[in-house]
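Next come the chains, spelled out residue by residue.
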Amino acid sequence: MQDGESKKQHEHCSGRRRLLTGLAAGLAVPLLPGTLHATAGPRALAFHNLHTGERLAVEYHDGIEYLPDATGQIDQLLRDHRADEAYPMDTGLLDLLHQLTQLMDSRGHFEVISGYRSPNTNAKLRQQGKGVAKRSLHMQGRAIDIRLVGADTTRLRDAAISLRAGGVGYYARSNFVHVDTGRFRTW
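The present account deals with the structure reproduced in this document. Predicted, not measured: the structure shown is a model, and the values here were computed from it. (Residues numbered from 1 in each chain as written. Predicted model: local features only at pLDDT ≥ 70, side-chain atom pairs only at ≥ 80, totals over all residues. Heavy atoms only, no water.)

## Topic: helix H5 (residues 153–163)
- Buried within H5 we find Thr153, Leu156, Ala159, Ala160 and Leu163. Buried residues of H5, seen end-on, are gathered within an arc of 115° and therefore sit on one face of the element.
- Contact partners of the buried residues in H5: helix H3 (91–103), strand E6 (143–148), strand E7 (167–171) and strand E8 (176–180).
- Note on H5: the residue one or two positions beyond its end, Arg164, has a positive phi of about 50°. (Buried < 20%, exposed > 50% of the residue type's maximum accessible area, 1.4 Å probe, protein only. Helix = DSSP H or I, 4+ residues; strand = E, 2+ residues; numbered from the N terminus. Arc of directions from axis to C-beta. Contact = heavy atoms within 4.5 Å.)

Following this line, the structure appears as structure tokens:
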């Protein structure tokens, strides 16, 4: 193995050991510095897609592994409604949303403004001057624009920032928060 590959393998194994040790102790533990905490036990999310009217409440992780049928249902709900095109959403994004519900102590569901966006849809929205990034993480299933029912969006933004797990954008006039699993940044 090359030095970089060896280091990456070591970090993966070291992070996995920390995760397994923490899960065995029933703790939320960091996977790697600067990442989300893994929560012991099952993880569930609830969504209402504001464009399609669809609702979903689903356990997507059983405490041991991600559940493919459930993540597939989430992918379908978060699809690009303009192109009717689904894409595999980043499980790290799902975990970020779950962590937000924990921080907000919320039993509410997420109202989805935008989940996955196809490259075509992204380009069209950019042409319309909608403030859409050229290389938006929405096109990689790594971003979502949301509200959390029962929670003030400024508090939701602050909770997302406190996680330092990716990008956080606050759109006060439209009353929603953008979160993604890219590098940490705010706007």
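## What about the nonpolar core?
- Grouped together as the largest cluster of nonpolar side chains are 31 residues, with contacts concentrated most on Phe47, Leu97, Leu100, Ile144 and Val179.
- When residues of this core are traced back to their parent elements, those giving at least two are strand E3 (43–49), strand E4 (55–61), helix H2 (68–77), H3, strand E5 (110–114), E6, H5 and E8.
- By residue number, the principal contributor to this core is H3, which donates 5 residues.
- If sequence neighbours within four positions are ignored, Leu100 has contacts with Phe110, Leu156, Ala159, Ala160, Leu163 and Val179. (Core = buried A, V, L, I, M, F, W, Y, C linked by side-chain atoms within 4.5 Å.)

## Observations regarding the packing of aromatic side chains
- Applying the stated criterion to the full structure yields 4 aromatic pairs.
- Between Phe47 and Phe110 the ring centres are 6.2 Å apart and the planes differ by 35°, which places this aromatic pair in the tilted class. Within this pair, whereas Phe47 is found in strand E3, its partner Phe110 is found in strand E5, the two being separated by 63 residues in sequence.
- Under the relative-accessibility criterion, Phe110 is labelled buried at 0%.
- Ring plane angle 5° and centroid distance 4.8 Å describe the contact between Tyr87 and Tyr116, whose orientation is recorded as stacked. (Phe/Tyr/Trp six-rings, centres within 6.5 Å; stacked < 30°, edge-to-face > 60°.)

Purely geometric stuff here, so don't read any function into it on its own.
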